[in-house]
Amino acid sequence: LSRGLLVPCPACSCPVCMMSEGTSIPSRSTSPTSSPDVRPVAIGAAPRMHTRFYVHVTDASVIVQPIVDVENDDDIKSTSKPTPTPSAPLSPPTIMEMEEYTSPKDRSGDVTSPTLRSSTTFKLPRIPSSNILSSLSATAPFPNSPSNSPPSSTSSLVIDRATYKLSKKTNEVIRDELVEYQQAQTSGSKQTGPVEAYGIIGIINMLAGPYLIVITQREFIAMIDGARVYRVGRTQVLPVSRSGMHALNEDERREEKDYVASFSNYIDSCKFYFSYTYDLTQSAQRVSFMSPEMRSQALYLRVDYRFFWNRYLLNTISSQESLGSYVLPLMDGFIKSMPCEINGIEFDYVFISRRGCLRTGARYHTRGADPLGNVANYVETEQVIVYNGIVSSFVQIRGSIPLLWQQKGKGMKPKPVVDTSVFQEDAFRQHMERLLAVYGKQILVTLIDQKGIETQIGDGYETAFHLLGNNNIRYVAFDFHDKCKNNHYENLGQLVDLVKEDLAIMGYFMCDMSRKPVFTQTGTVRTNCIDCLDRTNVVQSVLAHWMLKTQLNHLGITTVTDRIEDHLAFETAFKHVWADNADMMSSAYTGTGALKTDFTRTGKRSMKGTMTDGVNSMRRFINKNFHDDEKQEMTDLFLGRFSLEKWNLADPVDPGTYRFVHVTQVEAGDMRGIPTVLQINPQTNTVTAYLPGVTIGLPTNVGVTTGSMGMGQRTDYPFSSILRLEKSNESYRLLYIFHRSSSLPEMFLFPSCVIREQFTRILQYHVPRLGPGHSSGLDADLTEAKDTPENGAVPNVRAGTVRSEEHVIMDSLRLFIGSWNMSGVMPSAAEISAWIPTGRDLYVIGAQRVGYKPPAGFVMQAPEHWFLVMRQYLPDHMALATTISEHTATIVLVRRTLVNKINNLVTTVVKQRSKTLAPDPHVREPKVPTGGLARLREARDKLRDQIKDAARDASSKSKERLGKEKDMVYGTAVYFQYVETSFCFINYLFDAHTINTNEDYQMYLKTPVDLHHDFHHVFLLGDLDQRSIQRPRWVLLVCSDAKGGGDSVLWRARQDASLPSNIAVGCKDYAPEGSSNPVFAQFDIPIYTPPSPLYPVLPPNHLVTFTATNLSATDLRPRSAAAKPDAYVTIHGPFLLTAAKSNVKKSSSPVWSEPLHMQSFITDQGHLQNLFLRVEIWDKDMIDDTLVCKGIIPLTDMTFGKPMTFRVPLMLQDESAGTLLGEVLVTAPAPVEPESPARDSPSTISRVAHGTVIGNSPGSSRWEKTIPSEAPRTVPHDTRESRRSSSPRNAVQHPLGHGADHAESADTIAHKLNFTAITDKAEANPGHESVAHVVVEPQEEG
C-alpha cells in the first residue's frame, strides 16, 4: 500500500485506508454508548470462508476443491497429534520433485508445538480416488473419516496451468477432468496426488512460473469470541506452470531450487496466525467502531492492512470478487489465551501481538523509518480480559525510532547513524499523524542510553518531537541501562510514576455483555529502545501489569486492596506470557530469543539469565553476518517488494519503453555490484530494474560481485513513488534514485556518463517534477499524484522548467554565514534575533564550545539544543545537515522551496597534519627495469622499502604524538552542490593547547576531496588564529578581534567561480560575559543553471571535440626525492563521453607530445564556458598507480575553433605539487539542416511507437534505436539560432534529441552518419509499422 503497488478497497474503512481518504476514525473523547449505530461484532454475518480443501494438480489445471470442515473437539485434539505418515508416498509433481523443492524444513525453537518437529522431508496421506469422485456429488455417500468430507461448495477454484488464469467452476464442469486425473493415477502416470489443505496463503511467481502456497497443517491456539484461532503449522508450495522447470537452463534451475527452499524455510520460520471468522488484525476497540455494513464484509476487506502479511500474495485471487471466500488473511506475531482464576472467579486472559508488515525485515537491514513514516519492528500488543461476556482491552505499541537512520558496520554493536536526509521531518510528522489518527494521544517512552553511541539518535528523536510541537504527544526519556544497572530493576517504578497519570487518563477499552462500549482508550504508550525488543518488552510488561490491576478491579475480579502479586498462579502465567512474547518478537527480528527474559519470568535477574543473554548476543552477531541477507531477501519477496520472473535480454522491448543495458546496481562504498537492466515504461508509469543474473557482456570497467546474482529479480518503482533523482559527484556514472519505500536511495552505475544523462532526462521528461526547478515532492501529496496523463498526452511542464540552450543566470542565492564562540554560555532569544536576520535563502551557522546546560525539561546535549533553537527561530527553513565535534557545532538550513536544488550533500570532520609532502630521503633510487622479471623485482623492492619506511617513521615519533594526530578533530565540514555550483563550509576551532604554534600545519577534510579544486566556494568560519587568517588564497571577510584572530569568516573561490555581491559583514558587541562576540557575513552569490535538462544526446559526429596538445608538467613531487615518476596524465569531466589518457613519461618534468582527444555531449558554448576539465597526473606502478597531483582547466576563455592556452597549478591534499601547461582546441559540431517547426508539437513528442535500447557494448559506445522503416524523412539540427527562432523558449524537447520523433529510414541515417545499416525485414503486425534496427557503432572508442 505504501509503495503504490496495492490499491485499497474503496469500501474499506480501516484506519489506514480511512487516513488515505482524508477521514478519521470517531473521536475517542466522545462516549460511544450514546451512538445507536454501534453494535457488537456480528461474527456470523460475514460471508462464509472455505476452511478446508482438496488441491488437485492435473495436466490442465490446479483445482482447489472446498470440502466440509467439521470443527469439533475431535478435530482440535487431532492437531495435537503428529500427522500419520502413509505407507504409500505421493506421486511426484509433473514439474519437480515435491519432496526436494516444496517440503519445508522444521521450525527451529518452536517449543509450544513439539508435534510439528519432524524430518525435513515429509509426505501427506494419499486420498483414495474413489472418494474424490464421490465427493463431487452431493448425494453420494461419504465415509465417516474426516478426510472424506462432503463438499462445502458446489464450485471450485481452478487455475489454468497454461494461461495462469483463475476462474470459479462448478463441480459438474470439472468432474470430467478429475475422472481423467483418477485414471492417470490408477495407470501409474506421473501425477501429483491430492493435497489436503486448510487455507491458501497466496500465489508467488518465480523463475519457473507461479506457485500455489497452501496450509497443510494448522495448530489450534485459542478460542476468541466464539471463533477458533489457528497458527500455520506446515505449508506446501505447489507448482502451477505446466512447463516450468523444463523451460529453464541449468543455472536457472539451480537458482530456482534455492529460491523455493529459502522461501519455504522463511514461511516456516514466521509465526503466522489466522481465523476463518475473527479479524485478528483489529483491536477490540477498532472493531467496536465498525459500521454494520463493514462488519458484514469478508475478512480481507475489513482487516487492518498494517498487519495483513499475505496481502500481496493474495492480490491475484482477491482482485476477483467471486473468489473472496478463498482469501485468508494471515497475521504475524504472537497469540496466547489462558483460562485464569483469581478469588474463585474464572476469566480468560487473551494476549495478542501484531507485527507490522509495512516496513519489516532483518535487524540491521531494517532500521528507523522510511520517507512515509513506516517504522521497522512495529508491533501492536493488546491484552484482553474476558469475563462473563464483558471484554476489557488495553493496547500498547512499539516501533523503531521514527527517523531515517542506519546501524551498519562491523562489531557486535555498530554505532547508530542518523541519515542526512531532506525527508527526516516529513517521515517523523507522518508517523505521528498516523498514530494520533489511529490511537489518539501518544506517550513516547524512549529507553535508549543518554550517553555513548546511542546519544545522537536520542537527541534527534527529542529534537523532532519539539519541532513538531503537538500538545497531544508527550516525550519521556528513561535511560534503562543507567537506571537499572547492577540489576536494580525496581527502579522501573520511577518510569511508572512518570507516566501513570497519563495512563489513568487514557484508560482502556471495555464493552458490556451486549457489546456496547463502556470505556474507550484515548491514547497509547509508544515504547522503544534501539531494537524495540529486550528493554522494550520489559517496560511494556510493567505498564501492562499496572493497567491490569485497574482492569481486574473494574470487572470486580479483584478488590482495591488486592495485589496481583499475591495470586501466584496468575502472576506466574502473566510473566511467562510476556516472556514468550519477547522471545517470539526477538526471533522474528534477530533470529534468537530475547534478552532479559529471566527478569520478565521471575521478576529478578540471575547468573543463568546473564549467561543466556551472552549466548543470544553471540548468535545475533552470527545471524547478522551470515543469515540476515537471505532473510531480508525472502521477506522482500514475500511482501512483494520485488518479484521473480524468467527474463531474457534478447526479449523485444515493449512499445514506448526505454531499456538501458549494462547498468550495475551497487551499494555505498562498493562500486562492484549486480548486473542490472533498467527500463522506463511511460505506459505503466514505472521504472523497472531487472537482475538477469548474468554478466550480459558488461564492459571491462564495470565491477561485478561474485556469488549469487539474484537471478530473475524484478523491482518496480512507480513514478509516483520516486521522490528525487541525484547525479553523484563521486562517479560520473552513478545515479541515486530516492523512493518512498526505503530510507536509502537505490544506486545505479551506468556504463558511461552520457547514458546516465540520457536516463535522467528521459525520466524527467515523463515525470517533470523530478527535474530541476520543481518541488521535490516533500510538500506534495504523492498518494494521489499522476505524473503522466492517462490519455498519453505530453505531461504538463511548468513554465521555466525547460530552457533554451543559452546560459541562464538564476536569481542570486542569498547566503548568511555566522560564527560564535559561546564558551559555554547560552545566548538569549533577543541576542539571537539581533545577530541573525530573517529572509535569507541559505543559513550556515557555526558555534564553538557549545557547552552550556540546556534548560529544564530537555535531555539532549547542548549542541542539539542549539540546533533546535536555530530551527525554531527559522521555521520556514529545513535543516539540511547538522554536524558536531568535541568543540564545534554546525547547522545548515535552506528555504523549503529550494530543497530540491540541493544535491551531493556530505558531512565530515576537519583534521590537520604537519606539512609532510616533502620528498622522503630514506627511499632509495629504484633500479631501471629491463624485463618482466625485473619489473616484478622492482615492485617487490618498492613494497619492502615502503614497509621499512613506515616502521622507521613509527619508531621516530612518540606514541603520544601519533595518537594525538590520528584522533584529534578540530572541526566539522559540510559540502554540497546547489544546482551546479558547489559549496564547502568549514567550522574550525583553533586550540593552542593541542596545536604546536611553532610548526606549520595543514588543515584537511577526512573525505577524499580537495579544497582548492573541488568547490566553487569554500568558507572557513570559527575561532581562528592569526596564522589561519593570513594563509594565502584566503580572503578575510570579517573578524571579531582587531588584532587578528577570534571569530572570523574567510572565503576562497576556484578560478572559474563568480564573485559574491551585496556583501555585508558585522560583529555584534553584545555577547554575554565569558563568550566572544558573534560575527556574520551575508551576500548574494550568482548561481548558474545548465541548459534545458532535456537537451539532446546526439550521434558521435555531432558532438563537440576537445583536443589537448603540448602538455607539460613542471616541479612534480614524486614518491621519493631520488626517484623519477613514471608519469602519465588523464583528463576527464562529467560532460565527456570518455576520459583521455596519455603515454607514460619517466621524468619529474614530463612532456607529452601526443594529442589527447575527448568528446562532449554538451554542445552549447555558453554552457561549456562555465565548466572545467579535471586533470590528474599519476605515477605508474606494477602494483598500484599513485596519484601525484591533480588540478582543473577552466573553460572560461574557450571559443570554438580557437586554441586556448592554459597554465594551472597542481595540488595534492591542498598543497602545491606542480604546474601543468598546454593548449586545448574545442571543435564545434558539424552543421546540420534545420528541422521542421512541428518538431516540438505535443502530438509528436508523446508518441513513441517502438521500444528503445540504450547502452554500451564492451569496449565501445553503442547507440541503438528502433525506428519505423518507412517514415517521412526529416533531418535533425543543432544550431542555436534556428532553434531559438523556431521553438518557444519553454518548449519541451524530446529526451532522445532532435529528429527522434521524425524517424528516417535505415539507409538514410546510415549514409548520413557514414555507418553501416543493419536492416531486419519484420512482418507488419496489426496496428504497427514494420521496423528497422539501426546500430551505430563508432570505430574509435567513445
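Refer to the preceding data block for the structure.
Model, not experiment: these values are computed from the prediction. (Residues numbered from 1 in each chain as written. Predicted model: local features only at pLDDT ≥ 70, side-chain atom pairs only at ≥ 80, totals over all residues. Heavy atoms only, no water.)

A. A look at the overall build of the protein. When its secondary structure is counted, the protein shows 29 helices and 56 strands. Out of the 1342 residues belonging to the protein, those deemed buried represent 57%. Contacts in the protein between residues at least 24 apart in sequence constitute 70% of all its contacts with a sequence separation of at least 6. With the model as given, the accessible surface of the protein reaches about 54,500 Å², and the carbon-plus-sulfur share is 52%. (Helix = DSSP H or I, 4+ residues; strand = E, 2+ residues; numbered from the N terminus. Buried < 20%, exposed > 50% of the residue type's maximum accessible area, 1.4 Å probe, protein only. Contact = heavy atoms within 4.5 Å. Areas by Shrake-Rupley, 256 points an atom, 1.4 Å probe, with all protein chains shown as cover.)

B. Molecular detail of the packing of aromatic side chains. Taken as a whole, this structure holds 39 aromatic pairs when the rule is applied. Here the aromatic rings of Tyr349 and Phe574 are separated by 6.0 Å at their centres, their planes lie at 70 degrees, and the arrangement is edge-to-face. Here the residue Tyr349 occupies a position in strand 11 (residues 345-355), and Phe574 occupies one in helix 16 (residues 568-590), the gap between them amounting to 225 residues. Just as Tyr349 is buried, Phe574 falls in that class too. Aromatic pair Phe570 and Phe574: ring centres 6.5 Å apart, planes at 35 degrees, arrangement tilted. With a gap of 4 residues between them, Phe570 and Phe574 both fall in helix 16, about one helical turn apart. On the basis of relative accessible area, Phe574 is assigned to the buried category, the value being 3%. Ring pairing ties together the aromatic residues Phe334, Phe347, Tyr349, Phe351, Phe570, Phe574 and Trp578, which thus form one cluster. In this arrangement the basic side chain of Arg1052 is found over the ring face of Trp1034, its NZ or CZ atom lying 5.1 Å from the centre. (Phe/Tyr/Trp six-rings, centres within 6.5 Å; stacked < 30°, edge-to-face > 60°. Lys NZ or Arg CZ within 6 Å of the ring centre and 35° of its normal.)

C. Local environment of unusual backbone geometry. The phi torsion at Asn343 lies on the positive side, around 55 degrees, for a residue other than glycine. By secondary structure assignment, the location of Asn343 is in the loop between strand 10 (331-342) and strand 11. Asn343 sits in the partly exposed class, given a relative accessible area of 43%. Positive phi values are uncommon outside glycine, yet Asn486 reaches one of about 60 degrees. The residue Asn486 is located in the loop between helix 13 (480-483) and helix 14 (492-506) in this model.

D. Spotlight on the sheet that holds strand 30 (residues 813-821). Pairing within the open sheet is mixed, and its 6 strands lie in the order 32-33-31-30-42-41. Lying at the two open borders of the sheet, with one neighbouring strand each, are strand 32 (877-884) and strand 41 (1061-1067). Each strand of the sheet is rotated relative to its neighbour by a mean of 10 degrees, with strand direction disregarded. Sheet topology note: the strand 41/strand 42 (residues 1079-1085) ladder contains 5 bridges and is antiparallel. Among the inter-strand pairings, Cys1067 is bridged to a residue of strand 42, identified as Val1079. Contacts from helix 22 (residues 862-873) reach strand 31 (842-848), strand 32 and strand 33 (888-895) within the one sheet, and its direction differs from that of strand 33 by about 25 degrees. (Pairing = 2+ DSSP bridges. Axes fitted to C-alpha atoms, helices over the stretch in contact; angles between N-to-C directions.)

E. Looking closely at the nonpolar core. Counting residues in hydrophobic clusters, the biggest one holds 130 residues, and the most contacted among them are Tyr349 and Phe1019. Setting aside residues no more than four positions away along its own chain, Phe1019 makes contact with Leu815, Ile817, Phe983, Cys984, Phe985, Ile986, Trp1034, Leu1037, Leu1050, Trp1051, Phe1083 and Ile1085. Residues Leu763, Val1104, Ile1131 and Ile1193 belong to the second largest nonpolar core, which totals 63 residues. (Core = buried A, V, L, I, M, F, W, Y, C linked by side-chain atoms within 4.5 Å.)

F. Expanded view of the side chain of Ser1048. Along the chain, Ser1048 falls in strand 40 (residues 1046-1053). Look at Ser1048 and you get buried, because its relative accessible area is 0%. Separated by 3.0 Å, the side chain of Ser1048 and the backbone oxygen of Gly1046 make a polar contact. Discounting chain neighbours no more than four positions away, the residues touching Ser1048 are Ser819, Leu1020, Leu1021, Gly1022, Leu1024, Ile1029, Leu1036, Val1038, Cys1039 and Val1079. (Polar contact = N/O pair within 3.5 Å; in protein donor to acceptor, adjacent residues only side chain to side chain.)

G. Region of interest: the pairing of strand 25 (residues 713-718). Both strand 21 (residues 643-644) and strand 25 contribute to a ladder of 2 bridges, which runs antiparallel. Residue pairing for strand 25: Leu644 is matched across the bridge by Gln713. As defined by bridge partners, strand 24 (residues 686-691) adjoins strand 25 across 6 bridges and the pair is classed as antiparallel. Along strand 25, the bridge assignment pairs Val687 with Tyr717.

H. Geometry of the packing of helix 11 (residues 424-439) against helix 12 (residues 455-468). Two elements in contact, helix 11 and helix 12, have axes whose closest approach is 10 Å; the angle formed by their N-to-C orientations is 70 degrees. The orientation of helix 11 relative to helix 12 falls into the category roughly perpendicular. The interaxial crossing formed by helix 11 with helix 12 has right-handed handedness. Side by side, helix 11 and helix 12 meet where Phe428, Arg429 and Met432 of the first sit next to Tyr461, Ala464, Phe465 and Leu468 of the second. (Parallel < 35°, antiparallel > 145°, perpendicular 65-115°, else oblique. Left-handed = near helix turned anticlockwise from the far one by under 90°.)

I. Geometry of helix 22. The terminal C-alpha atoms of helix 22, which comprises 12 residues, lie 16 Å apart, in line with the 16 Å expected from a rise of 1.5 Å per residue. Along helix 22, 10 of the 12 residues are buried, which leaves the element largely enclosed by surrounding structure. (Expected span 1.5 Å × (residues − 1).)

J. Highlighting the packing of helix 14 against helix 15 (residues 534-554). Viewed as axis vectors pointing N to C, helix 14 and helix 15 meet at an angle of 50 degrees, and their least axial separation amounts to 10 Å. Taken together, helix 14 and helix 15 sit at an angle that is classed as oblique. When the axes of helix 14 and helix 15 are compared, the crossing they make is right-handed. Residue-level contacts link Leu492, Leu495, Val496, Val499, Lys500, Leu503 and Ala504 of helix 14 to Val538, Val539, Val542, Leu543, Trp546 and Met547 of helix 15.

K. Fine view of the environment of Ile1085. With respect to the helices and strands, the residue Ile1085 is situated in strand 42. Here the alpha-carbon distance between Ile1085 and Ser1058, two residues 27 residues apart in the chain, equals 7.5 Å. Ignoring sequence-local partners within four residues, the contact set of Ile1085 consists of Ser812, Leu813, Leu815, Phe983, His1017, Phe1019 and Pro1060.

L. Layout of the pattern of salt bridges. All chains considered together, the criterion is met by 40 salt bridges. For Glu757, the salt bridge identified is with Lys727, shortest N-O distance 3.0 Å. Here Lys727 lies in strand 26 (residues 722-727) and Glu757 lies in helix 20 (residues 753-766), a separation of 30 residues in the sequence. Taking relative accessible area as the criterion, Glu757 reaches 8% and is therefore assigned buried. In this structure, Asp1014 and Arg1174 form a salt bridge, with 2.9 Å as the shortest nitrogen-oxygen distance. Of this pair, Asp1014 sits in the loop between strand 37 (1001-1005) and strand 38 (1017-1024) while Arg1174 sits in strand 50 (residues 1172-1179); the two residues are 160 residues apart in sequence, bridging distant segments of the chain. (Salt bridge = Lys/Arg side-chain N within 4 Å of Asp/Glu carboxyl O.)

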